[in-house]
Amino acid sequence: MDMTSSAVWFAIALLFLSVVVTKIVSGRLITSDRRRLPPVVNGLAMLVLVPIFIRNGRQATIQYLHTKFGSVFTISLFGLKLTFLIGPEVADHFFQGLDSEISYGKIYEFTVPMFGQAVGYGIDSTTQNEQMRFSSDSMTPLNLRRKVEPMLQEVKDYFSQWGEDGIVDLKHELKHLLMLISSRALLGREVREEVFMEFCQLFSDIQGSANMINLLFPYVPILTNRQRDRARIKLIEILSEIVRSRKLSGPVGDGDMLQKFMDSRYRDGRSTTEEEIAGLCIAIFFAANHTCSHAITWTAAYLLSHEDCLTTVVEEQKNIIRENKDRIDYNILSHMHFLHRCIKEALRMHPPVPVFLRKAHMPFTVRTKQGDQYDIPKDHILASPTILNHNMSYIYKNPQQYDPDRFGPERKEDKIGGKFSYTSFGAGRHACFGEAYAYMKFKMIWSYMLRNFEVKLLSSFPIEDSRKFVPEPQGKMMVSYKRLR
Ligand code: HEM
């Protein structure tokens, strides 16, 4: 080979090599360009948000950030990194990641002085998961069927006290009825029949401590926290006394949750202690109570202000009565499809958990609807805003409109964006196991009420009380009722 041909070959090889290297490098550049850290909303940009938040509230503020920064962005404030993941496309790891990768972190620490050190976030995660299993086991369809009769009895007894006609605050009425039902179905005959009023007072002192201050400083020595601590001690005493008396008399047959907790065993064979049973009862009662009263009151507001929906619900009840007479049982309740959709739609528009929070223990990657990938670093606090996710117009048609039919078999809008499009009951690893019980309870109350009374809304449509932990309808909800013949 002469010098000229060597030079030509060298030039070709060099050209080849540079093309390959360029491709690799540009490939990397494209990858690293499309996979990057989320855009950051810094302290200065946050100042712009203050007037938006004051004027238009939480949802409008997150919406503003979503429009400006996209589906994934990080708010950086005083060293804290809060990353928003907006839309079902970026929610997969958030809901399904292992607890070792992503968890509640210390978010629910405020519940320790409410429920005690023996349960929930007062203990290690393995024991906590086992206790969660005890609770979810008692919500299986078989166990729920057993609860229908005592729950229905409560509903009948309650409405038997209403007169021929009258005016009531439906929000208050429904809250009280839910307390009666839950005390019977979850805690059992003794609490319901012997200590109900005392229980309600003590529970209200515990529930009253679930406020924004305690989310950050749950042990600050203020009056509400002293009342909470006294109430917890007394409640644990009352419930432990019931446990001791049942141990002597033998199990009670209503299939209540307290008995389930007593009968539960840890994997190593250990039984539950009195303090654990009492703590679990308070925790479950809390999880069930505030979410359910929120859901049923919003359903009332929407149903009673949407005549077309109310007429369809009443028609559905008439059809069911034609087939089953006055009977209400587990199967009949599960055939109240339109009523189910009305409740589901109220919860879409007013999810009791407006923003889900987690902490990342390991880095992970998300890919947005537009195809952008973001690396989410370890130790970021993560937020998945249900209030925005439930209002995506590419998933829900006219999302601001109350339209229960969107969940009907023809439209199934909640399936359009995948399994994280509708998260009123959470999703994935920590999804709510009380959903079926909650729907059963709501349908029982609504079907019984509408079969026996004509109800009309007198108050104007309520606004959301966003000062509350779970944003409920503000003020009273006055209705007139007339008993049907
Ligand atoms: C309308 C009624 C209800 C709604 C909307 C609701 C909503 C939710 C949501 C959104 C979560 C997930 C929280 C998160 O991922 O951060 C959750 C979890 C939970 N819910 Fe419900 N809930 C309701 C009723 C109930 C009832 C009746 C019970 C019990 C009888 C219950 C027990 C629980 C428990 C124990 C968890 C924690 C699950 C876990 O961390 O693994 N809920 N609920």
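Residues numbered from 1 in each chain as written. Predicted model: local features only at pLDDT ≥ 70, side-chain atom pairs only at ≥ 80, totals over all residues.

Naming follows an unreviewed UniProt entry, where the protein appears as Obtusifoliol 14-alpha demethylase of Triticum aestivum. The protein has a UniProt comment under Catalytic activity (unreviewed entry) that states "a 14alpha-methyl steroid + 3 reduced [NADPH--hemoprotein reductase] + 3 O2 = a Delta(14) steroid + formate + 3 oxidized [NADPH--hemoprotein reductase] + 4 H2O + 4 H(+)". UniProt's Subcellular location (unreviewed entry) comment on the protein is quoted here verbatim: "Membrane". (UniProt positions renumbered as here; feature names shortened; annotations may be inferred.)

Caption draft 1: Seen up close, the overall build of the protein. Helix and strand counts for the protein come out as 18 helices and 14 strands. Judged by the C-alpha coordinates and their principal axes, the protein covers about 110 × 55 × 45 Å. The contacts of the protein with a sequence gap of at least 6 include a subset with a gap of at least 24, amounting to 73%. (Helix = DSSP H or I, 4+ residues; strand = E, 2+ residues; numbered from the N terminus. Contact = placed C-beta atoms within 7 Å.)

Caption draft 2: Quick look at the nonpolar core. By size, the foremost hydrophobic cluster in this structure holds 71 residues, and its most contacted members are Cys-281 and Ala-295. Examining the composition of this core, we find that 17 residues originate from one element, helix α13 (residues 274-305), more than from any other. Every residue in contact with Ala-295, bar those within four places of it in the chain, is listed here: Ile-343, Ala-346, Leu-347, Pro-352, Ala-438 and Phe-442. (Core = buried A, V, L, I, M, F, W, Y, C linked by C-beta atoms within 7 Å. Buried ≥ 20, exposed ≤ 12 C-beta atoms within 10 Å, placed from the backbone.)

Caption draft 3: Just the UniProt feature "binding site: heme" (unreviewed entry) in the protein, in detail. In this structure's numbering, the residues bearing the UniProt feature "binding site: heme" (unreviewed entry) are Cys-432. Counting through the fold element by element, Cys-432 comes out in the loop between α17 (386-389) and α18 (435-452). Exposure remark for Cys-432: the 20 C-beta atoms within 10 Å place this residue in the buried category. Leave out the neighbours within four places in its chain, and Cys-432 touches Phe-425 and Gly-426.

Caption draft 4: Expanded view of the sheet that holds strand β3 (residues 72-77). Taken together, the 6 strands give an open sheet; going across it, the order is β2-β3-β4-β10-β7-β5, and neighbouring strands pair in mixed fashion. Both outer strands of the open sheet, β2 (40-41) and β5 (102-103), are each paired with one neighbouring strand and no more. Here strand β7 (residues 355-360) pairs with strand β10 (residues 381-385) via 5 bridges, running antiparallel. Each residue of the ladder has a partner; that of Arg-358, found in β10, is Leu-382. This element, helix α2 (residues 43-69), spans β2, β3, β4 (80-85) and β10 of the sheet and lies at about 145° to β3. (Pairing = 2+ DSSP bridges. Axes fitted to C-alpha atoms, helices over the stretch in contact; angles between N-to-C directions.)

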